[in-house]
Amino acid sequence: MFVQNQLSNWIAGIREQLTLPLRIELWNGQQVDLSSETPRVTIRLPTIGAARYLLTPSLSNLGTAYVEGAIEVKGKAMDMIAVVNALARSSLKAEGKFARLVRSISHNKQRDAEAIRYHYDVSNDFYRAFLDPNMVYSCAYFENGDEDLATAQLKKIDHILRKIELQPHQTLLDIGCGWGALVIRAAQQYHARCVGVTLSENQYALARERVRAAGLEHLVEIRLQDYRDVRGQFDRITSVGMFEHVGIRHLPEYFAAINQLLAPEGIVMNHGITSTDPDNGETPYGGGEFIEKYVFPHGELAHIGHVLKAMQQGSLEVTDVESLRRHYARTCAVWTDNFEANGDKVRALGGDKRYRIWHVYLAGCAYAFEQDLISLYQIVGRKAGQRASALPWSRKHMYPSAARAPVQPSYALDEGGMPAFAVLGEDGGAGLSAPALTSIGQHTSS
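Cut-offs and rules
Residues numbered from 1 in each chain as written. Predicted model: local features only at pLDDT ≥ 70, side-chain atom pairs only at ≥ 80, totals over all residues. Heavy atoms only, no water. Helix = DSSP H or I, 4+ residues; strand = E, 2+ residues; numbered from the N terminus. Buried < 20%, exposed > 50% of the residue type's maximum accessible area, 1.4 Å probe, protein only. Polar contact = N/O pair within 3.5 Å; in protein donor to acceptor, adjacent residues only side chain to side chain. Pairing = 2+ DSSP bridges. Right-handed = clockwise from strand over helix to strand, strands pointing away.

1. Some remarks on the side chain of S275
And step 1. Locating S275 in the fold gives a position in strand β9 (residues 262-275).
And step 2. On the basis of relative accessible area, S275 is assigned to the buried category, the value being 3%.
And step 3. Reaching out from S275, the side chain makes a polar contact with the backbone nitrogen of D277 at a distance of 3.0 Å.

In structure tokens, the structure reads:
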């Protein structure tokens, strides 16, 4: 009776503050609607004990209850996240337990490798179910706002390659190369000599397979390797969606390591998620706690100001900063739609629990980017201390109308069903005079 009274009082309090398209189904069969419109989300409490999750409806509490099967939630993921966030804001104070907590996590090679494998080594087919055909698992670039996901992801890669002013036959290191999309594109478009490193065995295997299928083994090497173990120097370095795993305290070391790998006149581009809290705090109301527990163990987000300082501490000069927050909100929303459209397949590949985790996670990320709870920046840098004459006069080189376009891009699949990352040069990519892979990472002026 005590819990029922608490729940009744809580529902009455919510009704005074909000009108939500939410139905609550109780263990005794009773239904309570929190607005007169047709419910878009239904939360079922199968036992009286499950009521405690609603009484303190943090994103962590309700997310955990849904994932573990303590409550049942029906509805589209985007609606679920919007309703839960509204409940959290109206019921909880964004300080104390539900503040933007600042965690300090110990990082080393073993722990980082374990965290990466936990997240990525589910199965490649699992990711295929919601990513684009090229399997690019990072923020897309919707140049005009009306692109489909596959086009926007290739435009993102092209945007990066223009930003780093990649030139033919230069060497390129891609830290956290995923399934190889960026290095394949760089090799096909610029005949760049590329090294991609990943800690995920699944990514490593498929990326190597894709390199072979594209006939680019003479230009692209995929390694199962920690970036801290890479040696040599590279004309260009990219890091896309990886530095969130580094740890806030280790960012100066991370950028110092990049500086060591960067050729004297080289260019680096770091693309990563940031906190919008100046103190490097997590998303409020327990969102970060849920992600740490179920999705990205040991991940940490730094504020953009902290990142810029860390780059300078690593002896890198920042020359360009661009926010792509709106682009990541759209990317995650499309991923969420794809995930739900392929729900049966995802469940078969990952099981019911993993389905529920990612159902919440993808939609939660879309909401967080939309609401400025987290952000995404691309940052271009060079070795600090260079003369001003080494810098470009403007940003014109970053955009297609002014940038060098080695080959007209193609965004379709090839006849064999493999992702067509680009149209090859006139020679079809064969018989190039590029040095052997053993020399990749040894800087040569271009």
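2. Remarks on the pairing of strand β3 (residues 41-44)
And step 1. Two elements, strand β1 (residues 22-25) and β3, share 4 bridges in a ladder whose sense is parallel. Pairing of L22 across the sheet is with V41, part of β3.
And step 2. Pairing analysis gives 3 bridges linking β3 to strand β4 (residues 72-74), with the strands arranged antiparallel. Considered in β4, the bridge of R44 is made with E72.

3. Overview of the pairing of strand β5 (residues 171-175)
And step 1. Counting buried positions along β5 gives 5 out of 5 residues, so the element sits mostly inside the fold.
And step 2. Going residue by residue along β5, you find T171, L173 and I175 tucked away on one face and L172 and D174 tucked away on the opposite face as well.
And step 3. In terms of strand pairing, β5 meets strand β6 (residues 193-198) through 5 bridges, oriented parallel. Pairing of I175 across the sheet is with V197, part of β6.
And step 4. In this fold, the crossover linking β5 to β6 by way of helix α8 (residues 181-190) has right-handed handedness.
And step 5. Where β5 and strand β8 (residues 234-240) come together, 4 bridges link them in parallel fashion. By the bridge assignment for β8, D174 is matched with T238.

Without other data, these values stay purely geometric and don't point to any function.
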